[in-house]
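Residue-level structural notes
The lines below spell out each chain.
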Amino acid sequence: MEKPKFKTVQEVIASGEGLPERYLHTPTGDIESQPLDAPVPEMDIPAIDLILLLSPSDNGRQELSKLHSALSTWGVVQQVMNHGMTEAFLEKIYELTKQFFALPTEEKQKYAREIGSIQGYGNDMILSDDQVLDWIDRLYLTTYPEDQRKLHFWPEIPAGFRETLHEYTMKQQVVIKQFFKGMARSLELDENCFLDMYGENAMMDTRFNLYPPCPRPDKVIGVKPHADGSAFTLLLPDKDVEGLQFLKDGKWYKAPIVPDTILINVGDQIEIMSNGIYKSPVHRVVTNREKERISVATFCVPGADQEIHPVEALVTETRPRLYKTVKKYVELYFEYYQQGRRPIEAALI
Ligand code: OGA
Ligand code: NI
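As named in an unreviewed UniProt entry, the protein chain is Fe2OG dioxygenase domain-containing protein, taken from Brassica campestris. Its UniProt record gives the protein chain the following Sequence similarities (unreviewed entry) comment, quoted word for word: "Belongs to the iron/ascorbate-dependent oxidoreductase family."

In structure tokens, the structure reads:
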């Protein structure tokens with residue numbers, strides 16, 4: 001299989017060639033006229049207890065209303081508690097990710113993605129000649145359903161990587177189900193209504209991200225502004241280094257650092273299912289001059305045969321249906337993404 005000929009960011013740095021032009025952003029529009037490393041305020045989002053979301057008690061109702069308020073304003077909850085994973089386990093995922101990216105190039109290249117395929121190790125996907133590149137190296141793996149795994153992309157070194165990723169996937173399944181139910185309850189819907197649309201054949205993709213230190217954080221971006229094409233995304237952000245920012249009312253806010261916790265952001269497909277009540281937030285990652293940053297994102301994606309549309313109970317006279325029925329949304333998503341367009345616009349009625 002042919003491998004892409006572009007260098008990863010780590011290879012660009014190692015080559016000593018300086019910073020290639022292709023990474024430099026020229027400011028466009030109002031929100032981008034600031035240097036990318038300009039200070040931004042911190043967002044104020046609640047911690048959410050997954051177990052409480054499913055409890056019929058008064059505390060449970062309060063938790064649902066916290067969830068409703070966070071997802072309808074920010075589209076993000078930062079600190080998900082009672083997710084069934086120990087700090088030590090989350091730490092292990094973080095350490096294994098760090099160790100993988102620290103391996104010699106030849107070792108990582110064994111898992112290099114092939115042209116036309118998203119899975120595997122490599123640089124930013126390059127879809128056009130004038131695309132400004134993101135300062136990120138990644139390892140992208142489909143983890144679920146198990147028969148969709150391409151194990152030749154799963155690192156054998158560092159030891160334990162494969163087993164830990166498998167264990168993480170199984171543990172995330174529980175969180176995903178609880179979160180779908182919690183979201184449905186918070187909108188006073190039948191608790192399975194989102195899960196039913198998500199489907200039995202839903203997929204999970206995990207992306208391990210490395211953002212190496214960058215000489216020009218004012219002009220180079222880690223991940224350009226985008227909203228996720230998933231139903232929602234589970235993220236383990238770096239526990240020391242900031243970088244993730246969310247857009248709200250035309251302004252950027254940084255996600256605070258809360259070590260060993262999970263952040264969940266709504267993706268476009270929950271925005272569609274909730275008829276726009278829950279927001280799929282635009283977010284980006286800025287770079288850091290001195291420190292590398294690591295994150296692990298898992299995209300929860302409805303099965304390819306599922307028809308995704310606003311649930312009927314959320315379409316009312318005062319809230320008319322906003323989105324068409326979509327299928328295989330993620331394919332459409334990638335076409336739009338690198339052009340800097342918001343794919344969800346294609347789903348608007
Ligand atoms: C993503 C993403 C954020 C991060 O992978 O879609 O937004 O902190 N990642 O790496
Ligand atoms: Ni994202």
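1. Focus: helix α4 (residues 87–101)
With 15 residues, α4 should cover 21 Å at 1.5 Å per step; its first-to-last C-alpha distance of 22 Å lies within 8% of that length. The complete set of buried residues in α4 reads F89, L90, I93, Y94, L96, T97, F100 and F101. The buried residues of α4 occupy one face: seen down the axis, they fall within an arc of 160°. Exposed and facing more than 90 degrees away from the buried side of α4 are E87 and A88.

2. A word on the sheet that holds strand β4 (residues 137–144)
Judged by pairing direction, the sheet is mixed, and its 8 strands sit side by side in the order β1-β2-β10-β7-β12-β5-β4-β3 without closing on themselves. Strands with a single pairing partner mark the edges of an open sheet, and in this sheet they are β1 (47–49) and β3 (120–122). The average angle at which neighbouring strand axes cross in this sheet is 25°, direction not considered. Of the strand pairs in this sheet, strand β7 (residues 232–236) and strand β12 (residues 293–301) are connected by 5 bridges, and their pairing is antiparallel. Bridging across to β12, L234 finds its partner in T298. Sitting on the sheet, helix α3 (residues 58–73) is in contact with β1, β2 (76–81) and β10 (262–266), with an inclination near 135° to β1.

3. Quick word on the site of ligand 1
Near ligand 1 lie 13 residues; those nearest to it are Y211, H226, H283, R293 and S295. Contact between ligand 1 and D228: an oxygen atom at 3.3 Å from a side-chain N or O atom of the residue. One of the side-chain nitrogen or oxygen atoms of H283 is found 3.0 Å away from an oxygen atom of ligand 1. Computed on the free molecule, ligand 1 has an accessible area of 290 Å², of which 97% lies beneath the protein chains in the complex. At the level of elements, β5 (203–211), β11 (283–286) and β12 are the ones that each hand at least two residues to the shell around ligand 1. In terms of residues, the shell around ligand 1 owes the most to one element, β12, which gives 4 residues. A breakdown of the residues in the shell around ligand 1 according to their chemical character gives 6 nonpolar, 4 polar and 3 charged.

4. Remarks on the environment of F334
In this fold, F334 is placed in helix α9 (residues 329–337). Taking the C-alpha atoms as reference, F334 lies 9.5 Å from L127; in sequence the two are 207 residues apart. Residues contacting F334, with those up to four places away along its chain left out, are I118 and L127.

5. Details of the packing of α4 against helix α6 (residues 161–186)
Contact geometry of α4 with α6 gives a least axis separation of 10 Å together with a crossing angle of 140°. In this view, α4 runs oblique relative to α6, as classed from their interaxial angle. Of the two elements, α4 crosses α6, and the hand of that crossing is left-handed. On α6, the residues that touch F89, K92, I93, L96 and F100 of α4 are F161, T164, E167, Y168 and K171. In terms of residue class, the contact of α4 with α6 is built from 6 nonpolar, 1 polar and 3 charged.

6. Examining the UniProt feature "domain: Fe2OG dioxygenase" (unreviewed entry) in the protein chain
As annotated in UniProt, the feature "domain: Fe2OG dioxygenase" (unreviewed entry) corresponds to residues 199–302 in the numbering used here. Segment residues 199–302 splits into 6% helix and 45% strand. End C-alpha atoms: 6 Å apart.

7. Some words on unusual backbone geometry
Trans peptide bonds make up most of the peptide bonds, and negative phi angles are found at most residues other than glycine. Geometrically, the link from Y144 to P145 is a cis peptide bond, its omega value of -5° lying close to zero. Of note, P145 is situated in the loop between β4 and α6. I157 connects to P158 through a cis peptide bond whose omega is -5°. With respect to the secondary-structure elements, P158 resides in the loop between β4 and α6.

8. Thoughts on the pattern of salt bridges
For the coordinates displayed, the defined rule picks out 14 salt bridges. One salt bridge connects R61 with D58, and the closest N-O pair in it is separated by 2.5 Å. Taken as a pair, R61 and D58 lie in helix α3 at a separation of 3 residues, close to a single helical turn. The partner of D240 in a salt bridge is K239, with the nearest N and O atoms 3.9 Å apart. Connected through shared salt-bridge partners, E91, K239 and D240 make up one network.

9. Looking at the nonpolar core
Counting 87 residues, the largest nonpolar core has F180, M183, F194, F232 and I270 as its most contacted members. For this core, the element with the highest residue contribution is α6, accounting for 9 residues. Those residues in contact with F180 that lie beyond four places of it in its chain are E191, F194, L195, Y198, A231, F232 and I270. In this structure, V9, L133, W135 and V220 belong to the second largest nonpolar core, which totals 7 residues.

Conventions and cut-offs
- Residues numbered from 1 in each chain as written.
- Chains lettered and ligands numbered in written order.
- Predicted model: local features only at pLDDT ≥ 70, side-chain atom pairs only at ≥ 80, totals over all residues.
- Heavy atoms only, no water.
- UniProt positions renumbered as here; feature names shortened; annotations may be inferred.
- Helix = DSSP H or I, 4+ residues; strand = E, 2+ residues; numbered from the N terminus.
- Expected span 1.5 Å × (residues − 1).
- Buried < 20%, exposed > 50% of the residue type's maximum accessible area, 1.4 Å probe, protein only.
- Arc of directions from axis to C-beta.
- Pairing = 2+ DSSP bridges.
- Axes fitted to C-alpha atoms, helices over the stretch in contact; angles between N-to-C directions.
- Contact = heavy atoms within 4.5 Å.
- Near = heavy atom within 4 Å.
- Polar contact = N/O pair within 3.5 Å; in protein donor to acceptor, adjacent residues only side chain to side chain.
- Areas by Shrake-Rupley, 256 points an atom, 1.4 Å probe, with all protein chains shown as cover.
- Nonpolar A, V, L, I, M, F, W, Y, C, P; charged D, E, K, R; others polar.
- Parallel < 35°, antiparallel > 145°, perpendicular 65-115°, else oblique.
- Left-handed = near helix turned anticlockwise from the far one by under 90°.
- Salt bridge = Lys/Arg side-chain N within 4 Å of Asp/Glu carboxyl O.
- Core = buried A, V, L, I, M, F, W, Y, C linked by side-chain atoms within 4.5 Å.

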